[in-house]
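# Per-entry structural report
What follows is the residue order along each chain.
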Amino acid sequence: MSGHGIAQVMTATKSGPLSGRAEVPGDKSISHRALIFGAMAVGETKITGLLEGQDVLDTASAMRAFGAEVVQHGAGAWSVHGVGVGGFREPDAVIDCGNSGTGVRLIMGCMATTAMTATFTGDASLRKRPMGRVTDPLSLFGTQAYGRKGGRLPMTVVGAANPVPVRYALPVASAQVKSAVLLAGLNAPGQTVVIEREPTRDHSERMLVGFGAELVVERTSEGNVITLTGQPELRPQVVAVPRDPSSAAFPVCAALIVEGSDIFVPGVSQNLTRNGIYITLVEMGADITFENPREEGGEPVADLRVRFSELRGIEVPPERAPSMIDEYPVLAVVAANAVGRTVMRGVKELRVKESDRIDAMARGLEACGVRVEEDEDTLIVHGMGAGGVPGGATCATHIDHRIAMAFMVAGMASQKPITIDDASPIATSFPLFEGLMTGLGAKLTKG
Ligand code: S3P
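Residues numbered from 1 in each chain as written. Predicted model: local features only at pLDDT ≥ 70, side-chain atom pairs only at ≥ 80, totals over all residues. Heavy atoms only, no water.

## A few points about the environment of T342
- Take T342: it is sitting in strand β19 (residues 339-345).
- Distance in space between the C-alpha atoms of T342 and L331 is 9.1 Å, their sequence separation being 11 residues.
- If we ignore the near neighbours within four places in the chain, the residues touching T342 are M284, G313, I314, V316, A335, L379, I380 and V381. (Helix = DSSP H or I, 4+ residues; strand = E, 2+ residues; numbered from the N terminus. Contact = heavy atoms within 4.5 Å.)

## Digging into the sheet that holds strand β23 (residues 418-420)
- Read across the sheet, four strands follow the order β22-β23-β1-β24 without closing on themselves; strand pairing throughout is mixed. The open sheet terminates on both sides in strands that have one partner only, identified here as β22 (394-395) and β24 (443-446).
- Taken strand by strand, helix α12 (residues 433-440) contacts β1 (10-13) and β24, and its axis lies near 140 degrees from that of β24. (Pairing = 2+ DSSP bridges. Axes fitted to C-alpha atoms, helices over the stretch in contact; angles between N-to-C directions.)

## Overview of the site of the ligand
- Within the structure, the ligand sits among K28, S29, R33, T102, A173, S174, A175, Q176, R201, I325, D326 and K353.
- Between the ligand and the protein, one listed contact pairs an oxygen atom with a backbone N or O atom of A175 at 3.1 Å.
- Contact distances for the ligand include 2.7 Å between an oxygen atom and a side-chain N or O atom of D326.
- Alone, the ligand offers 390 Å² of accessible surface; in the complex the protein occludes 95% of this.
- Among the elements of the structure, α1 (28-40) and α5 (175-186) are those that each provide at least two residues to the shell around the ligand.
- A per-element tally of the shell around the ligand places α1 first, with three residues.
- For the shell around the ligand, the two domains that each supply at least three residues are domain 1 (10-26 + 242-446) and domain 2 (28-240). (Near = heavy atom within 4 Å. Polar contact = N/O pair within 3.5 Å; in protein donor to acceptor, adjacent residues only side chain to side chain. Areas by Shrake-Rupley, 256 points an atom, 1.4 Å probe, with all protein chains shown as cover. Domains from an automatic or database assignment.)

## Topic: the packing of aromatic side chains
- By the definition in use, this model includes four aromatic pairs.
- Ring centres 5.9 Å apart and planes at 45 degrees place the aromatic pair F37 and F211 in the tilted group. With F37 in helix α1 and F211 in the loop between α6 (203-210) and β12 (215-220), this pair connects stretches of sequence that are 174 residues apart. For the residue pair F37 and F211, the accessibility class agrees, reading buried in each case.
- With 5.5 Å between their ring centres and 75 degrees between their planes, F430 and F433 make a pair best called edge-to-face.
- A relative accessible area of 1% places F433 in the buried class. (Phe/Tyr/Trp six-rings, centres within 6.5 Å; stacked < 30°, edge-to-face > 60°. Buried < 20%, exposed > 50% of the residue type's maximum accessible area, 1.4 Å probe, protein only.)

## Details of unusual backbone geometry
- Of note, the bond from L153 into P154 is cis; its omega dihedral lies within 30 degrees of zero at -5 degrees.
- Turning to its location among the elements, P154 is positioned in strand β9 (residues 152-158).
- Although it is not a glycine, N292 sits at a positive phi angle of roughly 55 degrees.
- Mapping N292 onto the fold places it in strand β16 (residues 287-296).
- Overall, the relative accessible area of 46% leaves N292 in the partly exposed class.

Structure representation (structure tokens):
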């Protein structure tokens, strides 16, 4: 498990043109949800394309601990024999969610309105992250939570025996918080309402409807008003998990900055709550064509053809942040290879991800010779043009898979190699990253 294992040093060296086909793994957000909703349905849910990254494997173990039968049948092919809404049994050991904020926050939500007690922990990164953003709204259902100072893990959650439905306006744009409240609302009587001012990823809403819950989304001047009718019987589903647009961003960005590259990335989600990075890259002058648009696993997808491009810095509109929140680290690398400044405002949520991603990117890029400005809510990267990043540094990854992959992409185009102190966290979301990237022509070495 990342953060518990031995640090694995990795180095990326200036690479020849990248070419070929990049088949990225299943979507992490949808994989967690497929297991959790499957566990809350009555009967057998069948899943294909499940991401077998450590984050998702930890959620699979957690669902077993709550009484669901979760079985792997082959690569990406899993089944979940669910116990129904309110049917969880109390786990007899601590639930370890590893590195996954999505895992722990969604699972807290789905047990919060059942009369049972569960204790959660995670790795050194997850134990630093705030859980109050989830336990505050859960307390409105009648749930109690006892954690460390600042609402940190380990934390014991006592589910409400007689939950009441909740109306909650999200104070932060967070799909994890929205989903935790909706999951808790499943086992509360009456209607639970979540209001989000800025739209965040909508996989929970789509899947809840797919599993047979009554859920209505109204788009109003206050934002999205999501109303869920509690205590449905969820029906098991066949879930085909589409590829992860956040993982796809790594080969896409690498191809854009490594001279002469031309790659094909099939089946990348174009869900409007996830595709902000692709809109941003096109605004920077990226040569990306979106071919064969279609629907896969209930999500709009397209095949991407991506060629090396001379890019220019832009101002990323802050309202776009929720739709590309996980892509800012690799965008910062692309920005360093563009001409002019790239200004990323409204990004303070990056400070409470697997690491403080503004700080991690700023310090790493500076070590590589790039000028960076930051404040609490902003990251500005002064681009050095294609191939202009000096490199020649070792960057700290802080148990954060996306920081690790972002600096490996940086090293594929920098003048001197870039090393990361620990590549092991990459396995949380993209276990085959190294093989996929070297298959395209990237020079990555371990040790
Ligand atoms: C996720 C939501 C986002 C994202 C995370 C996955 C989800 O987190 O960063 O990687 O699956 O709901 P926040 O809810 O904290 O924005």
